[in-house]
Amino acid sequence: MIDLGTTHFCIRVPSVSRTEFERYSTQLFDEWEKDVSGILALPDYSLALEVEEGSVKGHGVIAVVLAALYLGIGNYGDFVSGLQTIRSQINSVGDFLAERAANPFVSSGYKATVRKHGGSLARLQRLFVKVQRQEMTVEQAMLEAEALLGDQVTTAPEFMQQLHMALRQTPRLPQQLSLFLDTPEELLAAPDSEEDRSPRPSRPMPIIPPPEKLRVEIRRESKKGKREVRVIQL
């Protein structure tokens, strides 16, 4: 499976009962899954959601096999624009997940802190940027793509062929030389003084046993697969 993107969220709210927490987590997954199915133009994919107590924090991951990603890109004709469109869809459903995660607590004044990771899809797109800037050759980009995709490469040779062709057709930007003398002296990092490097005495922190928490793990390995739910006492 290839990680298309991960959305992390954290809502600093008091703990809720186990029953409410399980219901909250499964309902969040079902709403997220429904949104993904209506937006993401891929023939198949897997979804995984983990939600943990101690505030409410969690993350959702969307993954796909390379052959399914290739078919999804084919919906948009051009390889590069297909990658961009699918990544935009991943961002959209990630925003939805974070919004729905915070929704039950908004009336009490709580908001979600959100972080996103683009996964393998973003790393593939960065290869085009590097080739465009002439920071690497097409051959180097292909080697990096093969290392990124691993065993999936052999399952979808058409994807690799289209990737190679798209990289070769990527327009190159003119190279610019950056001179060291162009950097203002005040921007150069000064070495730390001996005083800055001297260790500061620290007070021992009292050892407080962590409270018991729950983690709910929900996943569906494919669109037609069975939803699996695990509740773990941490």
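Reading the values: rules and limits
- Residues numbered from 1 in each chain as written.
- Predicted model: local features only at pLDDT ≥ 70, side-chain atom pairs only at ≥ 80, totals over all residues.
- Heavy atoms only, no water.
- Helix = DSSP H or I, 4+ residues; strand = E, 2+ residues; numbered from the N terminus.
- Buried < 20%, exposed > 50% of the residue type's maximum accessible area, 1.4 Å probe, protein only.
- Contact = heavy atoms within 4.5 Å.
- Areas by Shrake-Rupley, 256 points an atom, 1.4 Å probe, with all protein chains shown as cover.
- Salt bridge = Lys/Arg side-chain N within 4 Å of Asp/Glu carboxyl O.
- pLDDT = per-residue confidence, 0-100.
- Core = buried A, V, L, I, M, F, W, Y, C linked by side-chain atoms within 4.5 Å.
- 1 Å grid on protein atoms, 1.4 Å probe; cavity = no way out; pocket = protein on both sides within 12 Å on 5 of 7 lines; lining within 4 Å.
- Points joined across faces, edges and corners; volume = space filled by probe spheres on them.
- Pairing = 2+ DSSP bridges.
- Axes fitted to C-alpha atoms, helices over the stretch in contact; angles between N-to-C directions.
- Nonpolar A, V, L, I, M, F, W, Y, C, P; charged D, E, K, R; others polar.
- Polar contact = N/O pair within 3.5 Å; in protein donor to acceptor, adjacent residues only side chain to side chain.

(A) Quick look at the overall build of the protein. Of regular secondary structure, the protein possesses seven helices and six strands. When the helices and strands of the protein are listed from N to C terminus, the series reads β-α-β-β-α-α-β-α-α-α-α-β-β. Sorting the 234 residues of the protein into buried and exposed places 37% on the buried side. Intrachain contacts of the protein at a sequence separation of at least 6 include 71% that bridge at least 24 residues. As displayed, the protein has an accessible area near 14,900 Å², and 51% of this comes from carbon and sulfur atoms.

(B) How the structure looks around the pattern of salt bridges. If you walk through the whole model with that rule in mind, you get eleven salt bridges. Notably, a salt bridge pairs arginine 18 with glutamate 22, separated by 2.8 Å at the nearest N-O pair. Residue arginine 18 and its partner glutamate 22 are both found in helix H1 (residues 18-39); the two are separated by four residues, about one turn of the helix. With relative accessibility at 26%, the residue glutamate 22 sits in the partly exposed group. Measuring nitrogen to oxygen at the nearest pair gives 3.8 Å for the salt bridge that ties glutamate 221 to arginine 219. The exposure class of arginine 219 is partly exposed, given its relative accessible area of 31%. Members of the salt-bridge network, linked through shared partners, are Glu52, Lys213, Arg215, Glu217 and Arg230.

(C) Here's a closer look at the confidence of the model for the protein. The pLDDT averaged across the protein works out to 86; a share of 84% of its residues lies at or above 70. Confidence scores differ between elements of the protein, with helix H7 (residues 194-197) showing the lowest mean pLDDT of 48 and strand S2 (residues 46-52) the highest of 97.

(D) The nonpolar core, seen in detail. Counting residues in hydrophobic clusters, the biggest one holds 55 residues, and the most contacted among them are Phe9, Ile62, Leu69, Phe159 and Leu163. With eight residues, the top contributor of residues to this core is helix H3 (residues 79-102). Apart from the residues within four sequence positions on either side, leucine 163 is in contact with Phe79, Leu124, Phe128, Met142 and Ala145.

(E) Up close: empty space enclosed by the protein. Counting across every chain of the model gives one cavity of 30 Å³ or more. For the largest cavity, the calculated volume is near 40 Å³. Around the largest cavity, the lining residues are Gly5, Thr7, Trp32, Gly60, Ile62, Ile90, Val93 and Gly94. Among the secondary structure elements, those contributing two or more residues to the lining of the largest cavity are strand S1 (2-11), strand S3 (56-64) and H3. Top contributing element to the lining of the largest cavity by residue count: H3, with three residues.

(F) Structural view of the pairing of strand S5 (residues 214-220). Of all seven residues in S5, five are buried; the element is thus mostly enclosed. In the sheet, S2 pairs with S5 via six bridges, with the strands oriented antiparallel. Looking across to S5, one finds that leucine 49 is bridged to isoleucine 218.

(G) Spotlight on the sheet that holds S2. Strand order in the open sheet formed by six strands is S4-S1-S3-S2-S5-S6, and the pairing between neighbours is antiparallel. Edge positions in the open sheet fall to strand S4 (112-117) and strand S6 (228-233), since each of these has one partner strand only. The mean angle between the axes of side-by-side strands here comes to 10°, regardless of whether they run parallel or antiparallel. Where S1 lies against S3, nine bridges are found, and the strand directions are antiparallel. From the neighbouring strand, aspartate 3 faces S3, where its bridge partner is alanine 63. Here helix H4 (residues 119-132) sits on the sheet and contacts S1 and S4; the angle it forms with S1, its principal contact strand, is near 120°.

(H) Structural context of the layout of surface pockets. Roughly 240 Å³ of internal volume is contained in the largest pocket. As for the largest pocket, its lining consists of 15 residues, of which Asp78, Val80, Phe128, Ala166 and Thr170 are closest to the centre. Residue assignment for the lining of the largest pocket shows that the elements contributing at least two residues are H3, H4 and helix H6 (157-169). Here the residues of the lining of the largest pocket sort into eight nonpolar, six polar and one charged.

(I) Up close: the side chain of glutamine 125. With respect to the helices, strands and loops of the structure, glutamine 125 is situated in helix H4. Here arginine 87 takes part through its side chain, which lies 2.9 Å from a polar atom of the side chain of glutamine 125. For glutamine 125, the residues in contact, after removing those within four places along its chain, are Leu83, Gln84 and Arg87.

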